[in-house]
Structures are given as C-alpha cells and as structure tokens.
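# What the coordinates show
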Amino acid sequence: MGTYRFTTDDGVELAWHEIGSGRPLILLPGFGGSSVRLLEYGPAATLAARGHRVILPDFRGSGDSAAVHDSAGYPPDALADDQFALLGHLGLGDGDYDLGGYSLGARIAIRMLARGATPRRAIAAGQGLAKVSGPQGGGANQRVLTALVAGTAFEPDSPDARTARMITMGGADPRALLGVLGSLVPTPEAALGQITVPVLVAIGDRDERADADELAALLPNATFVRVPGDHGSAFVAPELATAIIEFLAEP
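Residue numbering note: each chain is counted from 1, following its sequence as written. Given that this is a predicted model, residues contribute local features only at a pLDDT of at least 70 and side-chain atom pairs are listed and counted only at 80 or more, while totals for whole chains, interfaces and linings are drawn from all residues. The basis for the side-chain values is all heavy atoms of the structure; hydrogens and waters are excluded.

## Overview of the packing of aromatic side chains
Two rings belonging to Phe, Tyr or Trp (six-membered ring only in the last case) form a pair when the distance between their centres is within 6.5 Å. Interplanar angles under 30 degrees mark stacking, angles over 60 mark edge-to-face geometry, and anything in between is tilted. Inspection of the entire model under this criterion finds three aromatic pairs. Ring geometry for Tyr4 against Trp16: centres 5.4 Å apart, planes inclined by 25°, an arrangement best described as stacked. With Tyr4 in strand E1 (residues 2–7) and Trp16 in strand E2 (residues 13–19), this pair connects stretches of sequence that are 12 residues apart. The class for Tyr4 is partly exposed, based on a relative accessible area of 39%. With 5.1 Å between their ring centres and 65° between their planes, Tyr102 and Phe235 make a pair best called edge-to-face. Residue Tyr102 is found in strand E5 (residues 98–102), and its partner Phe235 is found in the loop between strand E8 (222–227) and helix H11 (238–249); the two are separated by 133 residues along the sequence. Cluster of aromatic residues (ring-pair linked, three or more members): Tyr4, Phe6 and Trp16. For helices the rule is a DSSP run of H or I covering at least 4 residues; for strands it is a run of E covering at least 2, with both sets numbered from the N terminus onward. For every residue, the accessible area (1.4 Å probe, protein chains only) is compared with the maximum for its type, and the residue is labelled buried under 20%, exposed over 50%, or partly exposed between those bounds.

Rendered as structure tokens:
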C-alpha cells in the first residue's frame, strides 16, 4: 500500500492510500476513522485482489490528513469539496472511476453525486435516508465530542463512555471531528431523485439505519441489497465485498 498527499486550495494537506491496480475505485471511510480501516477490516483488500486500483482518502480531520482546529477549516461541504479536488489532482474525469463509501463515506459519495460527480458506478453502504437528507449534526457523536473537548467525565460503562473510548482508542482528534460534523450538508430528497448514476445501496440486516431501502427507492437507478450484520459488523461481511464486486462488474 502506498500513501500520498496533496494540498487543497485552502492550504489543508490531505492524504490518501492506494492498493491494487486496474480501474480506479475511490472508497470513502466512515466518521472519525482512517481509510486504512477499509483495508484492515473492510472490503478494500478483496476489491484490490479482484482487479481494482482502490484509492482510500482520509477526510480532513481524520487519519493521515491534517487535523485543523480552526472552524474556518471546515466550511460547508468541505469533505465533498476535498474529494472533487482529489479527482482533479488524480486527473480522473467523467466515467474514469467508480465511487463508494461506508457510513459517513456513503453520505459524502451521495453529496458528490448530487453535485454532479460522474463516476461510472457508485456504492452507498451502511447509510439510510434520514442520515442523508435530514439534520447532519447533533446526536451522540456531537455530545461525546463536545464532552471530550471540554474534558467532561463520562458515566462509567455508559453508551457515551463507550463511544468516547472508541474515538480516543482510534487516535481521532475530537476538536477536528467537531469541525467535520459542523461542515456536513444534507442532500434533499428532490436532489436524490436527480441522480442518474447507478448506485448500489447496501445495508446490514441488523443495522439501525433501517431506512436504507427508502434511500434506494428515491435513487432512480439504484440496486438494493442487505448483507449480514449490524452497522459495525456488516462493514466486514464477505457478502458486502461480494455485492460490490458483482455490482462493479456489470456493464
């Protein structure tokens, strides 16, 4: 695996990783996680072995990309803007690549499609309609990150304590992740209906995002599949990798 870097127009250094060779597949990670998790635990290695040049960006504020602490470093739609910048940096034009993501990565992939990205095919895994089209901030992540930045203690063994432990054990920067949350922009249902790129919508059969089928129903050219697992375990399910491989192999 190789690691590479480039600098955006606003001066933020972003990293991406690559494995394999063949048709480019840009695969975006979930919230707060380095894209390397897609290789260590997720489907990236299997996809690379099946003839794909898998490109794994780290979002700003995560992984090997810069963790900016100034809120000005997280303007609205910053993560989608960064991926458009990466496409330009790599020289990938209309139909030259495929695009996908898991969880937050799926949300950003859909933002890109709604804003005119033109991959040949796209994958939105581990994501449902409410997270895509509804309010983007708030919730447990916002609460836990705010507490971590403030140094507030958590009740032992509470759900928030477990979330905080996962964030800190993964080496994520809470202040940077708060900036990421503040930058997210919803994709309205009307905009989803304008996306003509074929999209695979995949979800774990025990994922709490039970409205993934509603997301697929609004996309004019969607394929919907369920794979075994909840939000965490579906990420590593062999059935997810198989579904992606079969979808990308379609003409």
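What follows continues from the structure just given.
## With respect to the packing of helix H6 (residues 139–150) against helix H7 (residues 159–169)
As a rule, the C-alpha atoms of each element are fitted with a line to give its axis, helices using only the stretch in contact, and angles between N-to-C directions run from 0 to 180 degrees. Look at H6 against H7: their axes get within 10 Å of each other, and the N-to-C directions meet at 70°. Judged by the inter-axis angle, H6 sits roughly perpendicular to H7. Relative to H7, H6 is oriented so that their crossing is right-handed. When H6 is examined against H7, the residues Asn141, Arg143, Val144, Leu145 and Leu148 are found in contact with a partner set consisting of Asp160, Thr163, Ala164, Ile167 and Thr168. Looking at the contact of H6 with H7 residue by residue, the classes come out as five nonpolar, three polar and two charged. In this scheme, roughly parallel covers angles under 35 degrees and roughly antiparallel covers those over 145, while 65 to 115 is roughly perpendicular and the rest are oblique. The crossing is said to be left-handed when, going from far helix to near helix, the turn is anticlockwise and less than a right angle, and right-handed when the turn is clockwise. Should any heavy atoms of two residues lie within 4.5 Å, those residues are counted as being in contact. Ten residue types, Ala, Val, Leu, Ile, Met, Phe, Trp, Tyr, Cys and Pro, are classed as nonpolar, four, Asp, Glu, Lys and Arg, as charged, and the remainder, Gly among them, as polar.

## Let's talk about helix H8 (residues 174–183)
In terms of burial, H8 is a largely internal element, eight of the 10 residues being buried. Among the residues of H8, Pro174, Ala176, Leu177, Leu178, Gly179, Val180, Leu181 and Ser183 are the ones counted as buried. Residues of H8 that are buried make contact with helix H3 (78–90), helix H4 (104–114), H6 and H7. Whenever a nitrogen or oxygen atom comes within 3.5 Å of another N or O atom, the pair is scored as a polar contact, on the condition that within protein one atom can donate a hydrogen and the other can accept it, and that pairs from neighbouring residues in sequence are kept only if both atoms are in side chains. Taking the backbone nitrogen of Arg175 as reference, a side-chain oxygen 3.0 Å away marks Asp173 as the first, capping residue of H8.

## Some details on the pattern of salt bridges
Just to be clear on terms, a salt bridge is a Lys or Arg side-chain nitrogen sitting within 4 Å of an Asp or Glu carboxyl oxygen. Scanning all chains against the criterion turns up 14 salt bridges. One salt bridge connects Asp98 with Arg23, and the closest N-O pair in it is separated by 2.9 Å. You can see Asp98 sitting in strand E5 and its partner Arg23 sitting in strand E3 (residues 23–28), a full 75 residues away along the chain. You can call Asp98 buried: its relative accessible area is 0%. Notably, a salt bridge pairs Arg120 with Asp98, separated by 3.8 Å at the nearest N-O pair. Note that Arg120 is positioned in the loop between H4 and strand E6 (122–125) and Asp98 in strand E5, a separation of 22 residues in sequence. The class for Arg120 is partly exposed, based on a relative accessible area of 27%.

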